[in-house]
Protein chains: 2
Amino acid sequence: MTNSSPPDPQGVGQIFALFNEIGIIGQLSRTLFEARLEPGMTIHQFSVLNHLMRVGEGTTPQRMATAFQVPKTSMSHTVAGLVKRGYVTLEPSPTDGRSKCVFTTEAGRACRDRAIAALAPDIAELAPQLPEGLVEALLPHLVTLREVMDAARD
Amino acid sequence: MTNSSPPDPQGVGQIFALFNEIGIIGQLSRTLFEARLEPGMTIHQFSVLNHLMRVGEGTTPQRMATAFQVPKTSMSHTVAGLVKRGYVTLEPSPTDGRSKCVFTTEAGRACRDRAIAALAPDIAELAPQLPEGLVEALLPHLVTLREVMDAARD
DNA sequence: CTTGATTGGTGCGATATCGTACCATATATC
DNA sequence: GATATATGGTACGATATCGCACCAATCAAG
């Protein structure tokens, strides 16, 4: 407990530990996921596919870059990979000559469904090992935490 | 809600959403952290430094690789970076001719303290924006979730 | 309309991640 | 002790991530 500054205004150490746990769990779930995705497919690629289908088709790479909090060059690379696989198409924006718009293809939707189906067994195996009500207890609080952090980045 | 298989044994969709949130928050906090670490320093490098000081000096790279759930080549690379910066030393193991042992140097400890001090203001700024008791509500549940997942990987 | 600042995207180079193959040491079996 | 298997680490190549510089289109002033 690096006890240097005064009194620890409001559980800074606690929040630090919180992010530590979240990071570890994120890493564990990422490894879990990647093992089931089709070879060569990235979590990011899957996430983008998922995002398009959940949030809406036709967003721009830049918007997804900020949504995912990654540099635009990274998003560019991810989208390029999906294009190469034929899972999304990149159309020039009809309203803004600089932008492009991303749409999932039929193959993309199928791929996403396949991926989720491939993931489900692992999750179903994990589920009964979790204490009753744990997920329900965590999820809403995590959502608010994300919302606060999302809003906090000016 | 990919409604393909039968009845969704036990909130598989919920758990999926849970991991989704955790992944996003992890990404947000990673970006937050990286912005404050000294230039060229990775989260992984900081995590290793932190791990050594919290869990114990003298572990082997391989043990840390499994602890962090990353391939051993990645851990090797991370440790090499820390060695190059003079933050850890790699000694041959006295009991096992194959292994090496990792120890933090004085500079390494100083670096870790500096990093935490650099991070604290951001966290302190975030803290008051969080609902009362949120961290306390989340942390224990996240710990058990991590423990279950940790135990689940045979 | 012209100038200057902003914004979306790409090209490129440096570094990180990670799978495969490989080597050395250790452990098990006989 | 000899052989087989397992384990820790490294070398190397392929891909991912990301900062920086650049270009084109938009927007804001004047």
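A brief report on the enclosed structure follows. All figures in this text were calculated on a predicted structure; none of them were measured in a lab. (Residues numbered from 1 in each chain as written. Chains lettered and ligands numbered in written order. Predicted model: local features only at pLDDT ≥ 70, side-chain atom pairs only at ≥ 80, totals over all residues. Heavy atoms only, no water.)

### So, the nonpolar core
Now for step 1: Membership of the largest hydrophobic core comes to 82 residues, with the highest contact counts inside it found for Leu145 of chain A together with Leu145 of chain B.
Now for step 2: If we ignore the near neighbours within four places in the chain, the residues touching Leu145 of chain A are Leu18 and Ile22 of chain A together with Ile25, Leu130, Leu134 and Leu138 of chain B. (Core = buried A, V, L, I, M, F, W, Y, C linked by side-chain atoms within 4.5 Å. Buried < 20%, exposed > 50% of the residue type's maximum accessible area, 1.4 Å probe, protein only. Contact = heavy atoms within 4.5 Å.)

### Description of the pattern of salt bridges
Now for step 1: If you walk through the whole model with that rule in mind, you get 15 salt bridges over all chains.
Now for step 2: Linking Arg112 of chain A and Asp113 of chain A is a salt bridge whose minimum nitrogen-to-oxygen distance equals 3.7 Å.
Now for step 3: The shortest N-O distance in the salt bridge between Asp96 of chain B and Arg98 of chain B comes to 2.9 Å.
Now for step 4: By relative accessible area, Asp96 of chain B is classed as partly exposed at 22%.
Now for step 5: Given a relative accessible area of 74%, Arg98 of chain B falls into the exposed group.
Now for step 6: Here the salt bridges share partners, and the residues they tie into one network are Glu21 of chain A together with Arg146 and Asp150 of chain B. (Salt bridge = Lys/Arg side-chain N within 4 Å of Asp/Glu carboxyl O.)

### Some words on the interface of chain A and chain B
Accessible area lost when the parts come together is the quantity often used to give the size of an interface.
Now for step 1: Taken together, the contact pairs 55 residues of chain A with 56 residues of chain B.
Now for step 2: Carbon and sulfur atoms make up 78% of the area that chain A and chain B hide from each other, which totals about 5,600 Å².
Now for step 3: Per-residue buried area on chain A facing chain B is highest for Phe16, Ile25 and Leu28 of chain A; these three make up 12% of the total on that side.
Now for step 4: Our count for the chain A to chain B interface comes out at two salt bridges.
Now for step 5: The tally of links between chain A and chain B comes to four residue pairs in polar contact (both at pLDDT 80 or more).
Now for step 6: Top contributing element to the side of chain A that touches chain B by residue count: helix α1 (residues 12-36) of chain A, with 19 residues.
Now for step 7: Of the residues assigned to the side of chain A that touches chain B, the class counts are 33 nonpolar, 13 polar and nine charged. (Buried area = accessible area lost by both parts, 1.4 Å probe. Polar contact = N/O pair within 3.5 Å; in protein donor to acceptor, adjacent residues only side chain to side chain. Helix = DSSP H or I, 4+ residues; strand = E, 2+ residues; numbered from the N terminus. Nonpolar A, V, L, I, M, F, W, Y, C, P; charged D, E, K, R; others polar.)

### So, the side chain of His51 of chain A
Now for step 1: Inspection of the secondary structure puts His51 of chain A in helix α2 (residues 43-55).
Now for step 2: Apart from residues no more than four positions distant in its own chain, His51 of chain A is found in contact with Gly56, Met64, Ala67 and Phe68 of chain A.

### Here's the deal with empty space enclosed by the protein
Residues and elements named next belong to chain A.
Now for step 1: All told, the structure shown has one cavity of 30 Å³ or more when counted by the stated rule.
Now for step 2: Its volume calculated, the largest cavity comes out at about 40 Å³.
Now for step 3: As for the largest cavity, its lining consists of His44, Val48, Phe68, Val70, Met75 and Thr78.
Now for step 4: Of all the secondary structure elements, the ones that give two or more residues to the lining of the largest cavity are α2 and α4 (72-85). (1 Å grid on protein atoms, 1.4 Å probe; cavity = no way out; pocket = protein on both sides within 12 Å on 5 of 7 lines; lining within 4 Å. Points joined across faces, edges and corners; volume = space filled by probe spheres on them.)

### Focus: the relation of the copies chain A and chain B
Now for step 1: Between the two copies, chain A and chain B, the superposition gives an RMSD of 0.0 Å; the rotation angle is 180° and the shift along the axis is 0.0 Å. On the angle and the small slide along the axis, the relation comes out as a two-fold axis.
Now for step 2: When you check the interface residues of chain A against chain B, 100% turn up at the interface there too, and the contact is symmetric in its surfaces. (Least-squares fit on C-alpha atoms with pLDDT ≥ 70 in both.)

### Description of the packing of helix α2 (residues 43-55) of chain B against helix α5 (residues 106-126) of chain B
Residue and element names in this part refer to chain B.
Now for step 1: Where α2 meets α5, the closest approach of the two axes is 10 Å, and the angle between their N-to-C directions is 110°. Relative to α5, the element α2 lies roughly perpendicular. Crossing geometry of α2 relative to α5 is assigned as left-handed. Contacts between α2 and α5 pair Phe46, Leu49, Asn50, Met53 and Arg54 from the former with Gly108, Arg109, Cys111, Arg112, Ala115 and Ile116 from the latter.
Now for step 2: Grouping the amino acids of the contact of α2 with α5 by side-chain chemistry returns six nonpolar, two polar and three charged. (Axes fitted to C-alpha atoms, helices over the stretch in contact; angles between N-to-C directions. Parallel < 35°, antiparallel > 145°, perpendicular 65-115°, else oblique. Left-handed = near helix turned anticlockwise from the far one by under 90°.)

### Quick notes on the protein's contact with DNA strand D
Now for step 1: Taken together, the neighbourhood of DNA strand D is formed by 19 residues, with Gly97 of chain A together with Pro61, Gln62, Lys72 and Lys100 of chain B sitting nearest.
Now for step 2: What you see for DNA strand D is that sugar and phosphate hold 68% of its atoms within 4 Å of the protein.
Now for step 3: In this structure, a phosphate oxygen belonging to DNA strand D sits 2.9 Å away from a main-chain N or O atom of Gly97 of chain A.
Now for step 4: One nitrogen or oxygen atom from the side chain of Arg98 of chain B is found 3.0 Å from a base oxygen belonging to DNA strand D. (Near = heavy atom within 4 Å.)

### A closer look at the protein's contact with DNA strand C
Now for step 1: In the vicinity of DNA strand C, 19 residues are found, and the nearest of them are Pro61, Gln62 and Lys72 of chain A together with Gly97 and Arg98 of chain B.
Now for step 2: Counting only the atoms of DNA strand C that lie within 4 Å of the protein, the sugar and phosphate share comes to 68%.
Now for step 3: Measuring from a base nitrogen of DNA strand C, one finds a side-chain N or O atom of Lys72 of chain A at 2.7 Å.
Now for step 4: At 3.0 Å, a side-chain N or O of Ser76 of chain A approaches a phosphate oxygen of DNA strand C.

### Quick notes on unusual backbone geometry
All names here are of chain A.
Now for step 1: With a phi close to 60°, Gln69 is a non-glycine residue in the positive phi region.
Now for step 2: You can see Gln69 is positioned in the loop between α3 (61-68) and α4.
Now for step 3: The exposure class of Gln69 is partly exposed, given its relative accessible area of 21%.

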